[in-house]
Amino acid sequence: MQHGAAGFSTSRTLMHRDLEGVPISGSYASREELIQIFAGMADGGGGLFEILEDFADVDREIDWMGSLSQAFRIPVSFALAAREAEDEKKLLKWMEDVNRVARTELITAQTAAKTQGSLQSLQSKYHPFAGHPTFIDQLAHLPHTALVSAMRSPKMKATLLSEPSVFADAPFARVIFNPANLFPLIDGEGVPRYERVRMQESFAALAKAQKVDAMSLIYDALVQGTVLWAPLEAATELHDKVELMLHKHVRIGLGDGGAHLGIFQEAGCPTFMIAHYARDRNFGVGRVPLERIIKMLTMDTANLCGLTDRGQIAVGQRADLNVIDLSKLNLTTPYVVDDLPNGAKRWMQSANGYKLCVSIADSLSFNDTQIVVALLWTGAGNLICSDRADLPELNVVSNSHKVYVNIPSSVAAALKIFCSVAQFIRASISPSRE
């Protein structure tokens, strides 16, 4: 903590195991060990204690979290994953009570921006036919083009459909390969959709409507290059998720951008939040105001992690800014690359609608006479931020603000607009926590 760590993150869930299937050590950490961790954090200057919990014994777990957080004045943030409604109500009430007594926000929960789900295609490690013996023996080693060609054979299709999977009735297979819980990710407009109506849009529902076998329909979709999505929560509609997001002590988290890369691609959660909740969602709880979404993604997250130098447009703050064309903001179809060590695969995803990314390393003051923005232009859509201030000077607005920038002249007009509206953006996004 003394060297600048934002906090300490640990796991107390039986889902996290080592290669031998043994739960990792943090799962069973004693109260005495937890006391030492909190004491060390306090001695080191404080920070955030973040935890992934099963809450098998809700009362026992909230007891130590609340008492240690209050004793050492260390904020705790826990993952509010899918659980029984009564347990969730108990956790939310406990969190509110602790914060009220402490007269500060010591306890926060984290919820995902969307339902986390397994991505599947013929290029990924897992898909509904990956465990079929013929696939393992004859197809798995083939380059993608040859694999698709082989699976176009009616004989191969009949063989694979007739075989049981070696995964059999394994718990994970019942979830991610179940036609009633498997969806084509991309909608009719070519955009990924992460909020679905299971009874109408799953492969099981589509097969029933078309009077065909569900696994046959899934097979054809895979051969055609369709990306499949299997949500890992029972709810595929996000009404409850929106209500949680708007709770005063809940923050947005659980966006695995760097874990389980062969199954998930969650780094697009911020883009999804803006496009879906602030623009597209028109049912259930409905849309969330754009300014509220931006606050959740910026200031609320920065404050949670103790990053007090960023998260809002204000005097003395870092100016890490995105210029977004909201009408064109969308995630693209996820795709698989094999650029990890030993050729391991991972899911990637791009986004459209980000017009300009600006990072000012020091601070931004709209009252000062000068703003220094140093950018290196590297090609279409790509900006590398730099703290250089020795680039050619360019006066872009009439109120004596200046931008030092090295970009093509075609982008200068965009920067003029950016600097002109900066004060308006600052006035539109309140720095308060209300």
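Residues numbered from 1 in each chain as written. Predicted model: local features only at pLDDT ≥ 70, side-chain atom pairs only at ≥ 80, totals over all residues. Heavy atoms only, no water.

Every buried residue belonging to helix α5 (residues 144-151) is among Leu147, Val148 and Met151, and all of these are buried. Relative to the axis of α5, the buried residues are bounded by an arc of 95 degrees and lie together on one face. Each element contacted by the buried residues of α5 is listed here: α4 (133-139), α6 (154-162) and α10 (214-223). (Buried < 20%, exposed > 50% of the residue type's maximum accessible area, 1.4 Å probe, protein only. Helix = DSSP H or I, 4+ residues; strand = E, 2+ residues; numbered from the N terminus. Arc of directions from axis to C-beta. Contact = heavy atoms within 4.5 Å.)

Quick look at the packing of α6 against α10 now. Direction vectors running N to C along α6 and α10 enclose 130 degrees, while the axes themselves pass 11 Å from each other. One element, α6, and the other, α10, form an angle in the oblique class. Note that α6 runs across α10; the crossing there is right-handed. Across the interface between the two elements, Met156, Lys157, Leu160 and Leu161 from α6 touch Met215, Ser216, Tyr219 and Asp220 from α10. Of the residues that constitute the contact of α6 with α10, the class distribution is 5 nonpolar, 1 polar and 2 charged. (Axes fitted to C-alpha atoms, helices over the stretch in contact; angles between N-to-C directions. Parallel < 35°, antiparallel > 145°, perpendicular 65-115°, else oblique. Left-handed = near helix turned anticlockwise from the far one by under 90°. Nonpolar A, V, L, I, M, F, W, Y, C, P; charged D, E, K, R; others polar.)

Reading across the sheet, the 3 strands line up as β5-β7-β6 and stay open at both edges, with antiparallel pairing between neighbours. Bordering the open sheet on either side are β5 (117-120) and β6 (183-184), each of which pairs with just one other strand. The sheet contact formed by β6 and strand β7 (residues 228-231) spans 2 bridges and is antiparallel. Note that in β7 the partner of Pro184 across the bridge is Leu228. (Pairing = 2+ DSSP bridges.)

Moving on: the sheet that holds strand β2 (residues 48-53). With respect to topology, 5 strands assemble into an open sheet ordered β1-β2-β3-β4-β8, the strand pairing being parallel. Only two strands of the sheet have a single neighbouring strand rather than two, namely β1 (7-12) and β8 (250-252). For this sheet, the mean angle separating the axes of adjacent strands, direction not counted, is 25 degrees. Pairing geometry for strand β4 (residues 107-111) and β8, over 3 bridges, is parallel. In the sheet register, Gln110 faces β8, and the bridge partner there is Arg251. Here helix α3 (residues 85-102) sits on the sheet in contact with β3 (76-79), β4 and β8, set at roughly 145 degrees to β4.

Before going further, it helps to spend a moment on the packing of aromatic side chains. A full pass over the atoms with the stated rule returns 17 aromatic pairs. Summarising the aromatic geometry, the rings of Tyr194 and Phe272 are spaced 5.6 Å apart at their centres and angled 90 degrees between planes, so their arrangement reads as edge-to-face. Of this pair, Tyr194 sits in the loop between β6 and α8 (198-201) while Phe272 sits in helix α12 (residues 269-280), and the two are 78 residues apart along the sequence. On the basis of relative accessibility, which here comes to 6%, the residue Phe272 falls in the buried class. Feature note: the residues Phe8, Phe38, Phe49, Trp64 and Phe72 constitute an aromatic cluster, connected by ring pairs. Lying over the aromatic face of Tyr194, Lys114 brings its terminal NZ or CZ to 4.1 Å of the ring centre. (Phe/Tyr/Trp six-rings, centres within 6.5 Å; stacked < 30°, edge-to-face > 60°. Lys NZ or Arg CZ within 6 Å of the ring centre and 35° of its normal.)

Our next topic: the environment of Trp64. With respect to the helices and strands, the residue Trp64 is situated in helix α2 (residues 58-72). For Trp64, a relative accessible area of 3% translates into the label buried. Taking the C-alpha atoms as reference points, Trp64 and Leu34, 30 residues apart in sequence, are found 8.7 Å from one another. Look past the residues within four positions of Trp64 in its chain and what remains in contact with it is Arg12, Arg31, Leu34, Phe38, Phe49, Ile51 and Glu53. A distance of 3.0 Å separates a polar atom in the side chain of Trp64 from a polar atom in the side chain of Glu61. (Polar contact = N/O pair within 3.5 Å; in protein donor to acceptor, adjacent residues only side chain to side chain.)

A few words on the side chain of His276. Structurally, His276 is set in helix α12. When its relative accessible area of 13% is taken as the criterion, His276 is described as buried. Excluding its chain neighbours within four sequence positions, the residues that come into contact with His276 are Glu195, Leu238 and Arg281.

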